[in-house]
Structures are given as structure tokens and as C-alpha cells.
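# Survey of secondary and tertiary structure
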Amino acid sequence: IWAVKTAENAPALNNTDPESNAYIISADLKNMPEMVKMSNVHLIQTTSDDTGTGSANWQHLGFTFGGDAGAIMYKLTGAFQMGSFAKTATTDQKISASMFDVMVGTGMPETMGLKLSVGYHMDSGDDAAADDKQEAYQTQAYDSHNYAGLMDVVNWGNLSYLSINASLMPMEDTEAGVGLYMFSKSKENGTTSAGPGVIGGAATIGNKKDIGNEIDLWANKSYGNDMKIGARIGMFMPGAAIKDTTAGTDKTVTDFLVQASMGF
């Protein structure tokens, strides 16, 4: 159970101490069937005092289930958001948003630890200019670097993508893999924000479906002294939503990263 103050807002209206808070309950379920290795449900209650744009009182209900059945591994994550997103004296804008992320794969331990997986992600967007419903998924504080590609080109929120991943261990303590991501907007005229990666804030994601494709090649080497060295090369091919909107973004972008870490 958590209680988190997410913002201390400036005084406004008749409120001298407006703030935004989140109240979180998270539960891991035990004694599940053998094929279920991970099971979690959580509820987030978000409240915000009115600072001129409306007060908020809405809920995020999420779940994660994952595990394996023989050679098949799987993971399913979903969330639903509902409640008052922006309530004023005259209007009450409701939130009605959702997200799901599913992965199915297989492992072949006798073949250099080969793993193959296919995933699909979709979170809702809002393409209405102004109405009484907010349908864009609010991303909360997800682990952005480990989802939606390693180049961090695009953020969750009005985002859909198909992913294909493969990895193997060609030698002891060494793992290598490749990932392919095909990004599109959930709603063509909704807002999808660029991430902090190579394209990042330099690009505007416009009102077209196709955001682009990304390929990541990576390798990690572990040493006995708790030291790890990793390398990655990523290539992003912009789609119409980027290259037709921002000048100079019609070429494939490539970046290379080498990283070392040591535990104490």
C-alpha cells in the first residue's frame, strides 16, 4: 500500500494548498495453477485539487499474469481507467481508457538457450478535439526503456505496435538478441508523443497512422565479479507520421551504445 504526493500545486481559486495525490494498492496472488508464475492486480486512485482547469478523481485498475506451459511462455498485462478526469462547476470530463500488452513465446534450452517471442501492445487514444470524455491512456510511471524498443523513440499513449524478438546464449555468460518493432498510432488523429531517444523531441508525430519501424541488435556479457558489459545498435525507419511532418526526418536513424556496470 502506498500514498504518494505527485504534485504540490500553486494556490488557485479558493484553495490555498492544492495538491495531487495517488493512492496505490498492489497484491501478488499466491497458490495459483502451476502454469502461472506471476500474478498481480493493482488499483491506483488519483486525486487532484482544482487549480483552474478542474479537479480529478479517477481510478486505474491493472493486472499482470505470466508463466509457462511446457515450452510455451506467456505474459498478459492490462489496465482500465475510469472516473472524473477534469471536473469543473459546469462540466465533468470522464476518463475511459485502456491498455493491453500480450507476449507469447517459446524456449529451446538445448539449442543455445534460444528464445523466440511475439508481442502486441495497444493503448487507447483520443482523437476528439473537445468533448466530455478523455479516451487517451494515461501512462502512469511504466518502465519506458524496456518497452517499445531500446531506442526510446516513442512513448506509450495512443500507441500500438507488433514486436518480434529472438535471443540465444552462444557461450557461457553471453547473451545476444534481435528485436523488431512496428509502431503505429491507435487513433490517427490522436496525440502520440516522441520519446527521449535519437529522434525524440526533434520530431513531431503527426496525424498519420504509420510511426515507423525499429530494429535492435544487442549483446550482453557477464563476468564473475558482478561486472557486465553490453552493446546495442539500433535502427529506426521513420513512417509517414514523422517523415511527412518534420523536415530532415525521412532517413533511417542509427545509434550505437556500449555500457558497463558493476555491482558492489
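To start, this report covers the structure provided alongside it. Small disclaimer: the values here were computed from a predicted structure and weren't measured. (Residues numbered from 1 in each chain as written. Predicted model: local features only at pLDDT ≥ 70, side-chain atom pairs only at ≥ 80, totals over all residues. Heavy atoms only, no water.)

### Looking at the nonpolar core
Note the threshold: As used in this record, nonpolar core signifies buried Ala, Val, Leu, Ile, Met, Phe, Trp, Tyr and Cys residues forming a set joined through side-chain atoms within 4.5 Å. Only protein chains enter the accessibility calculation, which uses a 1.4 Å probe; a residue is then buried when its area is under 20% of its type maximum, exposed when over 50%, and partly exposed in between. Comment: elements are numbered from the N terminus, with helices defined as DSSP H or I runs of at least four residues and strands as E runs of at least two. The contact criterion used throughout is that any non-hydrogen atoms of two residues lie within 4.5 Å.
Trp156, Leu159, Tyr161, Phe183, Ile211 and Phe236 are the most contacted members of the largest nonpolar core, which totals 24 residues. Contributing elements (two or more residues each) for this core: strand 4 (55-69), strand 6 (92-108), strand 9 (159-171), strand 10 (174-185) and helix 1 (240-243). Counting residues per element, this core draws most heavily on strand 6, which supplies 3 residues. Not counting residues within four places of it along the chain, the set of residues in contact with tyrosine 161 comprises Asp101, Gly119, Tyr120, His121, Tyr147, Ala148, Trp156, Tyr181, Met182 and Phe183.

### Things to note about the packing of aromatic side chains
Stated precisely, the cut-off is as follows: Classification of ring pairs uses Phe, Tyr and Trp, with its six-membered ring standing for Trp, and accepts pairs whose centres are within 6.5 Å; under 30 degrees between planes counts as stacked, over 60 as edge-to-face, and the remaining range as tilted.
If you walk through the whole model with that rule in mind, you get 8 aromatic pairs. Between tryptophan 58 and phenylalanine 85, the aromatic rings sit 6.2 Å apart at their centres with planes inclined by 45°, giving tilted as the arrangement. Here phenylalanine 85 lies in strand 5 (residues 72-87) and tryptophan 58 lies in strand 4, a separation of 27 residues in the sequence. For tryptophan 58, a relative accessible area of 7% puts it in the buried group. Summarising the aromatic geometry, the rings of tyrosine 161 and phenylalanine 183 are spaced 5.5 Å apart at their centres and angled 70° between planes, so their arrangement reads as edge-to-face. Placement of tyrosine 161 in strand 9 and of phenylalanine 183 in strand 10 is noted, with a sequence separation of 22 residues between them. Each member of the pair tyrosine 161 and phenylalanine 183 is classed as buried.

### So, the side chain of threonine 77
The line we're drawing: Two N or O atoms count as a polar contact when they lie within 3.5 Å, although within protein this holds only if one can serve as hydrogen donor and the other as acceptor, and sequence-adjacent residues are included solely when both atoms are side-chain atoms.
Tracing the sequence through the fold places threonine 77 in strand 5. Classification of threonine 77 as buried rests on a relative accessible area of 16%. A polar contact is formed between the side chain of threonine 77 and the side chain of threonine 64, at a distance of 3.3 Å.

### Focus on the pairing of strand 7 (residues 114-123)
Consecutive side chains along a regular strand alternate between the two faces of the sheet. Rules: Whether two strands pair depends on DSSP finding at least two bridges between them.
In terms of strand pairing, strand 6 meets strand 7 through 10 bridges, oriented antiparallel. Considered in strand 7, the bridge of valine 104 is made with valine 118. Where strand 6 folds back on strand 7, the antiparallel hairpin that results is connected by 5 residues, among which methionine 112 adopts a positive phi of roughly 50°. As paired strands, strand 7 and strand 9 are joined by 8 bridges and run antiparallel to one another. Each residue of the ladder has a partner; that of glycine 119, found in strand 9, is serine 163.

### With respect to unusual backbone geometry
Trans is the prevailing form of peptide bonds, just as negative phi is the prevailing case for residues other than glycine. Phi at asparagine 31 is positive, roughly 55°, even though this residue is not glycine. With respect to the helices and strands, the residue asparagine 31 is situated in the loop between strand 2 (19-28) and strand 3 (36-48). For asparagine 31, a relative accessible area of 83% corresponds to the exposed category. Although it is not a glycine, aspartate 173 adopts a positive phi angle of roughly 65°. Examined against the element boundaries, aspartate 173 turns out to sit in the loop between strand 9 and strand 10. Residue class for aspartate 173 comes out partly exposed when judged on its relative accessible area of 39%.

### With respect to the pattern of salt bridges
Here is the rule: Here a salt bridge means any side-chain nitrogen of Lys or Arg lying within 4 Å of a carboxyl oxygen belonging to Asp or Glu.
With the rule as written, the count across this model stands at 7 salt bridges. Residue lysine 5 is joined to glutamate 8 by a salt bridge in which the shortest nitrogen-to-oxygen separation is 2.9 Å. The partly exposed category is assigned to glutamate 8, whose relative accessible area is 45%. In this structure, the salt-bridge partner of aspartate 255 is arginine 232, at a minimum N-O distance of 3.1 Å. Of the two residues, aspartate 255 is situated in strand 13 (residues 253-262) and arginine 232 in strand 12 (residues 227-238); the sequence distance between them amounts to 23 residues. Using a relative accessible area of 18% as the deciding quantity, one classes aspartate 255 as buried. Here arginine 232 falls in the buried class, since its relative accessible area comes to 10%. Here the salt bridges do not stand alone but share partners, grouping Lys5, Glu8 and Glu19 into one network.

### Some words on a nonpolar patch on the surface
Quick note on the threshold: Patch members must show over 30% relative accessible area and no salt bridge, and they are joined within 9 Å when carrying like charges or within 5 Å when they are nonpolar side chains of Val, Leu, Ile, Met, Phe, Trp or Tyr. Residue exposure ignores everything except the shown protein chains as possible cover, and the areas themselves are Shrake-Rupley values with a 1.4 Å probe.
On the surface, a nonpolar cluster with roughly 670 Å² of combined accessible area is contributed by Ile72, Leu76, Phe100, Val102, Val104, Val118, Tyr120, Leu162 and Ile164. Looking at the nonpolar patch, the elements that each hand over two or more residues are strand 5, strand 6, strand 7 and strand 9. For the nonpolar patch, the element with the most residues is strand 6, which contributes 3 residues. Here valine 102 lies in strand 6. Classification of valine 102 as partly exposed rests on a relative accessible area of 30%.

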